[in-house]
Amino acid sequence: MTEFLLLYLVFLKATLSSFSGMTALPILREELVTTHRLTDRQLNTAIVVGRLTPGPKGGYIVSVGQTIGGWRGATAAWLAMVTPALLVLPLLYWLGRHAKTPAVKRSLDAVMLGSAGLSLTAVLPLARDAIDGPLPVFLIAAATLLFIRSKVETVWLILAGGVLMLGVKMLN
Amino acid sequence: MYLGDLARVMLKAGTLTFGGGNPTTAALQREMVEERHWLSGTEFALAYTLSRITPGTNLFACCSALGYLLRGWSGALTCLLIASVPSSLITALLTLGMDRLLAWPAAVAMMHGAIAVAVGLSFGSLWTLAAPYLQQGAIVRGVALIALGFGLGYVVSPIWVLAACAAAGYFWSQA
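Residues numbered from 1 in each chain as written. Chains lettered and ligands numbered in written order. Predicted model: local features only at pLDDT ≥ 70, side-chain atom pairs only at ≥ 80, totals over all residues. Heavy atoms only, no water.

Remarks on the overall build of chain B
And then number 1: Scanning chain B from terminus to terminus reveals seven helices and zero strands.
And then number 2: Ordered by position in the sequence, the α and β elements of chain B form the string α-α-α-α-α-α-α.
And then number 3: Considered along the principal axes of its C-alpha atoms, chain B spans approximately 60 × 40 × 25 Å.
And then number 4: Pairs at least 24 apart in sequence give 51% of the contacts found in chain B among residues at least 6 apart.
And then number 5: Summed over all atoms, the accessible surface of chain B reaches about 7,100 Å², with 69% contributed by carbon and sulfur.
And then number 6: Charged side chains of chain B number 8 positive and 6 negative; the gap between the two group centres comes to 3 Å. (Helix = DSSP H or I, 4+ residues; strand = E, 2+ residues; numbered from the N terminus. Contact = heavy atoms within 4.5 Å. Areas by Shrake-Rupley, 256 points an atom, 1.4 Å probe, with all protein chains shown as cover. Lys, Arg positive; Asp, Glu negative; His and termini not counted. Charge placed at Lys NZ, Arg CZ, Asp CG, Glu CD.)

Observations regarding the interface of chain B and chain A
And then number 1: Contacts between the two partners involve 99 residues from chain B and, on the opposite side, 83 residues from chain A.
And then number 2: A buried area of about 8,300 Å², summed over both sides, lies between chain B and chain A, and 77% of it is on carbon and sulfur atoms.
And then number 3: Counting every contact that joins chain B to chain A gives zero salt bridges.
And then number 4: At the junction of chain B with chain A, the criterion picks out eleven residue pairs in polar contact (both at pLDDT 80 or more).
And then number 5: Residues that form the side of chain B that touches chain A fall into these classes: 59 nonpolar, 33 polar and seven charged. (Buried area = accessible area lost by both parts, 1.4 Å probe. Salt bridge = Lys/Arg side-chain N within 4 Å of Asp/Glu carboxyl O. Polar contact = N/O pair within 3.5 Å; in protein donor to acceptor, adjacent residues only side chain to side chain. Nonpolar A, V, L, I, M, F, W, Y, C, P; charged D, E, K, R; others polar.)

Considerations on the packing of aromatic side chains
And then number 1: The tally for this structure, following the rule as stated, stands at three aromatic pairs over all chains.
And then number 2: Centroid distance Y68 of chain B to W73 of chain B: 6.1 Å. Interplanar angle 90°. Geometry classified as edge-to-face.
And then number 3: Assessed through its relative accessible area of 23%, Y68 of chain B is described here as partly exposed.
And then number 4: Here Y170 of chain B and F171 of chain B contribute two aromatic rings whose centre-to-centre distance is 5.1 Å and whose plane-to-plane angle is 85°, an arrangement assigned as edge-to-face.
And then number 5: Judged by relative accessible area, which is 55%, F171 of chain B ranks as exposed.
And then number 6: Just above the ring of F147 of chain A sits the side chain of R30 of chain B; from NZ or CZ to the centre is 4.6 Å. (Phe/Tyr/Trp six-rings, centres within 6.5 Å; stacked < 30°, edge-to-face > 60°. Buried < 20%, exposed > 50% of the residue type's maximum accessible area, 1.4 Å probe, protein only. Lys NZ or Arg CZ within 6 Å of the ring centre and 35° of its normal.)

Structural notes on helix 3 (residues 40-52) of chain A
And then number 1: Under the 1.5 Å per step criterion, the end-to-end length of helix 3 of chain A is 19 Å for 13 residues, consistent within 8% with the ideal 18 Å.
And then number 2: Those residues of helix 3 of chain A that sit buried are L43, A46, I47, V49, G50 and L52 of chain A.
And then number 3: In this structure, the buried side of helix 3 of chain A is in contact with helix 2 (25-33) and helix 4 (60-82) of chain A together with helix 4 (58-102) and helix 5 (105-134) of chain B. (Expected span 1.5 Å × (residues − 1).)

Side note on the pattern of salt bridges
And then number 1: For the coordinates displayed, the defined rule picks out seven salt bridges over all chains.
And then number 2: As a salt-bridge pair, E3 of chain A and R37 of chain A come within 2.6 Å of each other at their nearest N and O atoms. Within this pair, whereas E3 of chain A is found in helix 1 (residues 2-16), its partner R37 of chain A is found in the loop between helix 2 and helix 3, the two being separated by 34 residues in sequence.
And then number 3: Its relative accessible area of 42% is what places E3 of chain A among the partly exposed residues.
And then number 4: Taking the shortest distance from any N to any O, the salt bridge between R30 of chain B and E34 of chain B comes out at 3.0 Å. Taken as a pair, R30 of chain B and E34 of chain B lie in helix 2 (residues 21-35) at a separation of four residues, close to a single helical turn.
And then number 5: For E34 of chain B, a relative accessible area of 21% gives the class partly exposed.
And then number 6: Taken together, the shared-partner salt bridges in this structure form one network comprising K12, E31 and R36 of chain B.

Regarding the nonpolar core
And then number 1: Formed by 100 residues in total, the largest nonpolar core has its most connected members in F11 and V64 of chain A together with L28, M32, F60 and L66 of chain B.
And then number 2: Of all the elements, helix 4 of chain B adds the most residues to this core, at 15 residues.
And then number 3: Excluding residues within four positions of it along the chain, F11 of chain A makes contact with L28, L32, I61, V64, G65, I68, G73, A76, A77 and A80 of chain A.
And then number 4: In this structure, V111 and L118 of chain A together with C165 and A166 of chain B belong to the second largest nonpolar core, which totals six residues. (Core = buried A, V, L, I, M, F, W, Y, C linked by side-chain atoms within 4.5 Å.)

Brief notes about helix 8 (residues 154-171) of chain A
And then number 1: Spanning 18 residues, helix 8 of chain A covers 26 Å between terminal C-alpha atoms, matching the ideal 26 Å at 1.5 Å per step.
And then number 2: The elements touched by buried residues of helix 8 of chain A are helix 7 (134-149) of chain A together with helix 1 (3-16), helix 2 and helix 5 of chain B.

Observations concerning the layout of surface pockets
Taking a probe equal in size to a water molecule and rolling it over the atoms shows the remaining empty space.
And then number 1: Approximately 480 Å³ is the volume found for the second largest pocket.
And then number 2: For the lining of the second largest pocket, the secondary structure elements donating two or more residues are helix 5 (88-97) and helix 6 (102-130) of chain A together with helix 2, helix 3 (41-52) and helix 5 of chain B. (1 Å grid on protein atoms, 1.4 Å probe; cavity = no way out; pocket = protein on both sides within 12 Å on 5 of 7 lines; lining within 4 Å. Points joined across faces, edges and corners; volume = space filled by probe spheres on them.)

Concerning unusual backbone geometry
And then number 1: Positive phi, normally seen in glycine, also occurs at H36 of chain A, with a value near 65°.
And then number 2: With respect to the secondary-structure elements, H36 of chain A resides in the loop between helix 2 and helix 3.
And then number 3: Look at H37 of chain B: it is not a glycine, yet its phi comes out positive at around 55°.
And then number 4: Examined against the element boundaries, H37 of chain B turns out to sit in the loop between helix 2 and helix 3.

A short note on the packing of helix 5 of chain A against helix 4 of chain B
For any two helices packed against each other, the geometry comes down to the angle between their axes and how far apart the axes lie.
And then number 1: One way to put it is that helix 5 of chain A packs onto helix 4 of chain B with a least axis distance of 9 Å and a crossing angle of 70°. Here helix 5 of chain A lies roughly perpendicular to helix 4 of chain B, going by the angle between them. Between helix 5 of chain A and helix 4 of chain B, the residues in contact are V88, L89, L92 and Y93 of chain A and A61, S64, A65, Y68, L69, W73 and A76 of chain B, respectively.
And then number 2: Taken together, the residues of the contact of helix 5 of chain A with helix 4 of chain B break down into ten nonpolar, one polar and no charged. (Axes fitted to C-alpha atoms, helices over the stretch in contact; angles between N-to-C directions. Parallel < 35°, antiparallel > 145°, perpendicular 65-115°, else oblique.)

This is how it looks when you write it as structure tokens:
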């Protein structure tokens, strides 16, 4: 139980001090790699797993937890990942009530637009990784247009992208 | 709207979208705003915006906020659990079988295609979220704020980027 709690606190420290997927990485590295509980290679593998699975990119900490502590470690990491999420509710309660106040609305609108720009910094590296030829470029462009212009469900688009890429690889 | 419907939408978005939080947000926006009309675009944008200034994983904060707007505390907890447990379980299982999966070229190829589509969905989602703010006679201000978020995003922590945007939005209008 003590081990579980210690792991939870390490992961919580990392998640509480981050505001986007990968920004918890330096703390995890400092707490786990420099103390020889995890190797750099294991940390990199965990990041790859996080990229291959559904959900947020920050989900790689569950893989880190699984690697160092088995199912208990994974549970501690999951718990640390979801705990800060509830902090949004007091914000929603207070700011939601004042969202129509001009000053609050102006600031929230600005944060919304700034967030869009900030998100681009996370999406562009993913795009660079994905693009290794004309097909991924086509898939990115088609998915962007179809999302904006059509009502096709995103699940079907993702499945179609996977099948198309597999078909082209098999033909080659 | 029943809690079960909310859970189903969250389960589908949380387990069938790859490429990080943005594509999942895009899927939720499509289902909750455009198809089912559970929330207005403004309400969805409020949940998204507040999730960005919440520490931790933004996607889970966004899911909690969406659940709270729709069904109060029970909605928030349901959305948080449904969005996080299945994807975390998949992550933990994949950690155990990672070596075997990477040796299977078909799976790697499909994942590659899925991630490319996820990138496109992210671009589409960002456009859908930002577009209403760019059509209110404030295009220069909107583009400048997006550029500010994008430019600062490479040099300082996200929370400082968002604080700068909030201050810029406030003072720009005051000027």
